[in-house]
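Here are the chains, one letter per residue:
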Amino acid sequence: MRFAPAFLDEIRNRIPISEVVGQRVSFDKRKTNAARGDYWACCPFHGEKSPSFHAENRKGRYHCFGCGVSGDHFRFLVELDGLSFPEAVEKLAAQAGVPMPVYSPEEQRRDQQRASLHDVMEMATLWFEEQLQSGMGAKARAYLRERGLSAKTQQVFRLGFAPDSRNGLKEHLAGKGVTAEQMQACGLVRAGPDIPVSYDWFRDRIMFPIPDSLGKVIAFGGRAMRADVPAKYMNSPETDLFHKSNVLFNFARARKPAHELSQVVAAEGYMDVIALHQAGFENAVAPLGTALTENQLELLWRMAETPILCFDGDKAGVKAAWRAADLALAGLKPGRTVRFALLPEGKDPDDLVRDEGPSAFASVLRDAIGLADMVWSRETATQTFDTPEKRAELESRLKLVVSQIKDENVRRHYAQDMADRMASFFAPQGRRAANGEWRQNGSRGLARKDRKSEAHRHSPVAASPSLLNSSMVKRGSARIPLREAALVVGVVHHPAILGRWFDDFAQLPLASPLARKVHGAIIDFSAQWEGEQPWPSAVALRDHLESVGYGETLAQMDQLLAANRVWQALPQAAFEDALDGWQQAHLLHLRSHTLSTELKVAERALASENTEQNFSRLIELRNELEKEAGTEALIEGFGLSSGRPARGF
C-alpha cells in the first residue's frame, strides 16, 4: 500500500519522535534537553553503557553516533520491532488519532465492517476468558495446570473456555447488541439453509485466541475436552478477517524477540508455542493445524532470514519436514534459507521442555540441520545404490529437486553441493573426472576379500531422516548429539586415542544419558584390560560393547556419522586424522559445554533480576552458541593421511 506524503507528514507532526522512541528507551536526564526537543539514550539497536542515541523532535529523526542507525518514526518501528511499513503506519496513525486513508466507498464500507467485526471478536474473547474462570471452567483449568501452564501464561495468551452449550456465546453477544449477521461473519456460530436455528461454533473446548499481525483477535482455535469428538483441535472457519493460510499463531507477540535474536522457531501447534514461550523461547510461532503454506513461510522470512522449522521426530513429522523442504526450495535467495529441527520420537516441544527442561530444546535448535542436508537425506534414505542405474536415478532426482530453486545463483550452488555429495558418497577415496562424472578408484590389486569390502563401502545404505537430524541418535527417547557421538565412537574405532587422551576422555561432560552409559562402559573395559597391548583393540572393544547391549546403538551412531560425513571418527580414517579430528571435536565440545553452562546462569540471573545488562548477556551467549554450533575448524594437513580434503570437524 502506498501512502500520500501529506498523510505521513500529518502523523509525524502529531507525534514527536521522542514519544515514539521514549516507549522503548529511558532517556538520559543529564544529556537530554526536553525544552529544545533533544533527547539522548543508550541505543536500543546495540549494547552500550553511555548514551550515544539521539532523537531530535525538530527534525523528527533519530541517529546513533555509535552504530550509525538513523531514521524517522516509521523506520524506528520497522527496524526495532520488525513491523512492515504499512503496519508501522497503521499503528502510529492510531496513536496519533489520524484516520487511515480510504480510497473508495467500497473500501470505506469494508473497513468499517472489519472494525465492527474486530469489536465482536474482542467481546467473544473476553467472554471465553470469563468462562474459564467460572465454575464451568474448572475442568479446563485443571487440564491447563496438568500441562504446566502458569496463570500468567494463560493471561498472556488470553486462554478461555467455551462451555458445552449450543447458545451460550450467541445469547451473550445478542445481549450486547451483536447481530446474527455479525456473529456469522466472525465465524462464531454455525448457520445455513439446512440449520433451522444457528448455534455456537465452539462447545466444550479450551479456547486459543488467534491474533493478526497487530495483535487483534481474528479467529479462535479450540481444543476438545472430550476424547470422543471427531476433531481434537478445531479452528474458526474462513472469514473476512481470517484466512488461516496467511496467519501464524503468535506472530505479533513473537515478532520483536525474533527480530532481536535474528531467529524464529516454527513449531506445529498452539500448545507447543505457548509452552515454549513460557520456557523462554518467545520467538516461537505455529501454522494453524495445516501444513506450512507459501504465505506462512514468507511471514517467517520476514521475521528472520533462517527460520528453524521444528517437527516431531516420528514418520508424520519427517514427512511434514520433507513437504516443507519442497516449499522452501522455490523461495530461496542469497542468505535466505531454512533449517530443520527434528525432535526425539514420541516427543513434542511441550513434552520436551516439561520433561527435560529448556536446555534440551535449546540443544535441539542448535543441532538443527540445513535444507541441503534435509534434501540429501530424503533422496538417499533407506536405499542402496549398488548399481550404476540406481546412482543415475539418484542424480536425476537431485537435479529435478534443484531445478525448483528460482534464484539462479542459489540454484547453481545447490547443484554444486549435490554433485560434491554424490562424489563423496560413492567414491570417498576416489576422484572426480574432469567432465564431472564420478570415478571410483583404489580397488585394483586388492585381495578378493578386500575388494568385496571396498565395494560394500562404496554402496552404503543412507541414514534415515531422523538419524540425519544432526542433533541425535534415538533409542526410545534417548538423544545423542552429533559431536558426542563422534567423541565416543571415535574412540571405539581408534582406541589408541585413549593412550594420549584418556584423562580428557574420562572427564568428558556428556548431556546424553545413553552416551554417558557407553562412555562409562568404555572406561571400565579399558581400565580392566589385560591384553598384550596397553589399550584394547578396536575389535575387542566393540565386541565387549556389543556383548553388554550397545551394538545397535553403535551401529546407529556409525550411520549418523557417515550420513553427516564425519569420516574422521569412522574406521577407514588414518589414525593421525582420527586423532586430530578427536582433539578438534573435544575442544569444540568443551567450549559448547562452557557456553551452555554460562547460558543457564544468565537465564537464572535474568529470571531473578530483569535488567538490560542481564538481558544483553543472555542474548550474547545465545548468539555465541548459535555461531559455535556451525563451527568447522581447519587444521593444516588434516585429512591427507586418509586421502581427504583438509576439512575439519
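All values reported here derive from a predicted model rather than from experimental measurement.

Student: What should I look at first to understand the overall build of the protein chain in this one?
Tutor: Helices and strands together make up the secondary structure of the protein chain, namely 27 helices and 19 strands. Residues counted as buried form 49% of the 649 residues belonging to the protein chain. For the protein chain, contacts bridging at least 24 residues in sequence account for 65% of all contacts bridging at least 6. Total accessible area on the protein chain is roughly 31300 Å²; 50% of this is exposed by carbon and sulfur atoms.

Student: Is there a simple way to think about the packing of helix α13 (residues 315–331) against helix α16 (residues 371–380) in this case?
Tutor: Describing two packed helices takes the angle between their axes plus the distance from one axis to the other. The interhelical angle for the contact between α13 and α16, taken along N-to-C directions, is 125°, at an axis separation of 10 Å. Accordingly, the angle class assigned to the pair α13 and α16 is oblique. Here the hand of the crossing between α13 and α16 comes out left-handed. Of α16, the residues touching α13 (which contributes Ala321, Trp322, Ala325, Asp326, Ala328 and Leu329) are Leu371, Met374, Val375 and Arg378. The residue makeup of the contact of α13 with α16, split by class, is eight nonpolar, no polar and two charged.

Student: What is the right way to look at the environment of Phe311 in this model?
Tutor: In this fold, Phe311 is placed in strand β13 (residues 308–311). Taking the relative accessible area as the measure of exposure, Phe311 reaches 9% and is therefore buried. Separated by 36 residues in sequence, Phe311 and Lys347 have C-alpha atoms that sit 9.7 Å apart. Dropping the residues within four chain positions of it, Phe311 is found in contact with Glu268, Gly317, Ala320, Ala321, Ala324, Phe340, Ala341, Leu342 and Leu343.

Student: Would you explain the nonpolar core in this entry?
Tutor: The nonpolar side chains of a soluble globular protein tend to be buried with one another. In this structure, Phe128, Leu159, Leu188, Phe220, Phe249 and Phe361 are the most contacted members of the largest nonpolar core, which totals 62 residues. The leading source of residues in this core is helix α5 (residues 105–132), at seven residues. Ignoring anything within four residues of it in the chain, the contact list for Leu159 reads Glu129, Leu132, Leu144, Leu149, Gln154, Met207, Phe208, Pro209 and Ile274. Core analysis: the second largest hydrophobic core is formed by 45 residues, Leu299, Ala324, Phe385 and Met422 among them.

Student: Just checking my understanding: could you explain helix α10 (residues 251–261) for this structure?
Tutor: For an α-helix, the turn length of 3.6 residues means that residues three or four places apart are oriented alike. Within α10, the full set of buried residues consists of Phe251, Ala254, Arg255, Pro257, Ala258 and Leu261. Following α10 by one or two positions, Ser262 adopts a phi angle in the positive range, close to 55°.

Student: What exactly am I supposed to notice about the sheet that holds strand β4 (residues 70–71) here?
Tutor: Within a sheet, adjacent strands bond to each other through the backbone by hydrogen bonds, running parallel or antiparallel. Strand order in this open sheet of four strands is β1-β2-β3-β4, and the pairing throughout is antiparallel. One side of each edge strand has no neighbouring strand; the edge strands of this open sheet are β1 (38–41) and β4. Where β1 lies against strand β2 (residues 53–56), four bridges are found, and the strand directions are antiparallel. In the sheet register, Trp40 faces β2, and the bridge partner there is His54.

Reading guide: rules and limits
Residues numbered from 1 in each chain as written. Predicted model: local features only at pLDDT ≥ 70, side-chain atom pairs only at ≥ 80, totals over all residues. Heavy atoms only, no water. Helix = DSSP H or I, 4+ residues; strand = E, 2+ residues; numbered from the N terminus. Buried < 20%, exposed > 50% of the residue type's maximum accessible area, 1.4 Å probe, protein only. Contact = heavy atoms within 4.5 Å. Areas by Shrake-Rupley, 256 points an atom, 1.4 Å probe, with all protein chains shown as cover. Axes fitted to C-alpha atoms, helices over the stretch in contact; angles between N-to-C directions. Parallel < 35°, antiparallel > 145°, perpendicular 65-115°, else oblique. Left-handed = near helix turned anticlockwise from the far one by under 90°. Nonpolar A, V, L, I, M, F, W, Y, C, P; charged D, E, K, R; others polar. Core = buried A, V, L, I, M, F, W, Y, C linked by side-chain atoms within 4.5 Å. Pairing = 2+ DSSP bridges.

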